[in-house]
Amino acid sequence: MNREPTPARFSLNQETIRQWSLPELVRGCTEAGVGAVGLWREPVRKFGVRQTAKLIAGAGLRVSSLCRGGFFTAADPVGRTAALEDNRRAVEEAAELGADVLVLVSGGLPAGDRDLIAARDRIVDVLGELTPWAAAHGVRLGVEALHPMFAADRCVVSTLGQALDLAERFPAERVGVVVDAYHLWWDERLPAQLGRAGAGGRIVSVQVADWVTPLPEGVLMGRGQLGDGCIDLRGLRELTDEAGYHGPIEVEIFRPGLWAREGSEVLREVIERYRRHVA
């Protein structure tokens, strides 16, 4: 029996099948006909950036994104310098991997801080220094908005509009925005902001996972399998199409239940759910 081809725009984020090593990821994606992967810095650095780049290129895979840079909101000079240095390294890693985009999670409020506006201003300051470095390495930066429940500890950028307000201070070919269904689905302003992002050529990545409740304690690992929750994933994908984005659609699910299963079984299920609910 002939297997139905994997949709051309499908990309597998590494964290969706965290239990796989990098060689297992590459082998599993190659066998399944997956053409692109989203990578994370920690496992890549553990395996070796150069070794990962060779492994990915040798398999003919595309790196749709590298996650993550960011965490720019430190108020003290030492923290700011450390963040800038780490992000410069992240740019170098993205360049060596040939990643389409370096995803930036901007950072939450420093301990004892309650000033969201000042924290967002600090993001602009660091981006102003990081952007020329990224340009010199041929890397495009993607500002990702996270759901407001993460504003305190992970990301003071909570809407696509806020992400665009930051990105639009810089050339579109250098800084864009990441559209993540899990973080943005709830916002009634999303269609208009996607139109704004598309008109400016700012959409650099689209990621999908579903929203299921109740959320687990800690919430970070609460992303749902495609189709298990309440997000109109196909509708969002169609909106990004209309906005002019035609690149990879990256499935990024953090869910311990998926990590406890056999990886190739998870991949088959994810691809099938993608066909049914996204493509």
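> Please clarify how the pattern of salt bridges should be interpreted in this entry.
Charged atoms that come close allow side chains of opposite charge to pair. Applying the stated criterion across every chain, the model contains 21 salt bridges. Two residues, E129 and R80, come together in a salt bridge whose shortest N-O distance is 2.6 Å. One end of the pair, E129, is in helix α5 (residues 116–136); the other, R80, is in helix α4 (residues 77–97), with 49 residues separating them in the sequence. E129 sits in the partly exposed class, given a relative accessible area of 35%. The residue D165 makes a salt bridge to R196 at a minimum N-O spacing of 2.7 Å. Of this pair, D165 sits in helix α6 (residues 160–167) while R196 is found in helix α8 (residues 190–199), placing the two residues 31 residues apart along the sequence. Connected via shared salt-bridge partners are R41, R45, D86, R89 and E93.

> How should I be thinking about the packing of helix α3 (residues 49–58) against α4 in this particular structure?
The geometry of a pair of packed helices is captured by two quantities: the angle between their axes and the separation between those axes. As a packed pair, α3 and α4 sit with axes 9 Å apart at the nearest point and diverge in direction by 30°. Between α3 and α4, the angle is such that the two are roughly parallel. The handedness of the crossing between α3 and α4 is right-handed. For the pair formed by α3 and α4, the contact residues are V49, R50, T52 and A53 on the first element and E93, E96 and L97 on the second.

> Hey, could you run me through α8 in this one?
In an α-helix, one full turn covers 3.6 residues, which means residues spaced three or four apart are oriented alike. Buried residues of α8: L190, Q193, L194 and A197, and no others. Taken around the axis of α8, the buried residues stretch over an arc of 105°, which confines them to a single face. Facing away from the buried side of α8, by more than 90 degrees, are the exposed residues A192 and A199. Buried-residue contacts for α8 involve α6, β6 (175–180), α7 (181–184), β7 (203–208) and α9 (233–242). Of the residues flanking the end of α8, it is G201, one or two places downstream, whose phi is positive at about 65°.

> Looking at this model, I keep getting lost on the packing of aromatic side chains. Mind explaining?
The geometry of two aromatic rings is summed up by the distance between their centres and the angle between their planes. Taken as a whole and judged by the stated rule, the model has 4 aromatic pairs. Aromatic pair F10 and Y274: ring centres 5.2 Å apart, planes at 85°, arrangement edge-to-face. Taken together, the residues F10 in strand β1 (residues 10–13) and Y274 in helix α11 (residues 263–277) connect sequence positions 264 residues apart. Of the two residues, F10 and Y274, neither departs from the other in class, the shared state being buried. Ring geometry for W185 and W211: centres 5.8 Å apart, planes at 50°, overall tilted. Taken together, the positions of W185 in the loop between α7 and α8 and W211 in strand β8 (residues 210–211) put the pair 26 residues apart, joining distant regions of the chain. For W185, a relative accessible area of 31% gives the class partly exposed.

> It is not clear to me how α9 should be interpreted in this structure. Could you clarify?
Among the residues of α9, L233, G235, L236, R237, T240 and D241 are the ones counted as buried. G244 occupies a position one or two residues after α9 and carries a positive phi of about 100°.

Reading guide: rules and limits
- Residues numbered from 1 in each chain as written.
- Predicted model: local features only at pLDDT ≥ 70, side-chain atom pairs only at ≥ 80, totals over all residues.
- Heavy atoms only, no water.
- Salt bridge = Lys/Arg side-chain N within 4 Å of Asp/Glu carboxyl O.
- Helix = DSSP H or I, 4+ residues; strand = E, 2+ residues; numbered from the N terminus.
- Buried < 20%, exposed > 50% of the residue type's maximum accessible area, 1.4 Å probe, protein only.
- Axes fitted to C-alpha atoms, helices over the stretch in contact; angles between N-to-C directions.
- Parallel < 35°, antiparallel > 145°, perpendicular 65-115°, else oblique.
- Left-handed = near helix turned anticlockwise from the far one by under 90°.
- Contact = heavy atoms within 4.5 Å.
- Arc of directions from axis to C-beta.
- Phe/Tyr/Trp six-rings, centres within 6.5 Å; stacked < 30°, edge-to-face > 60°.

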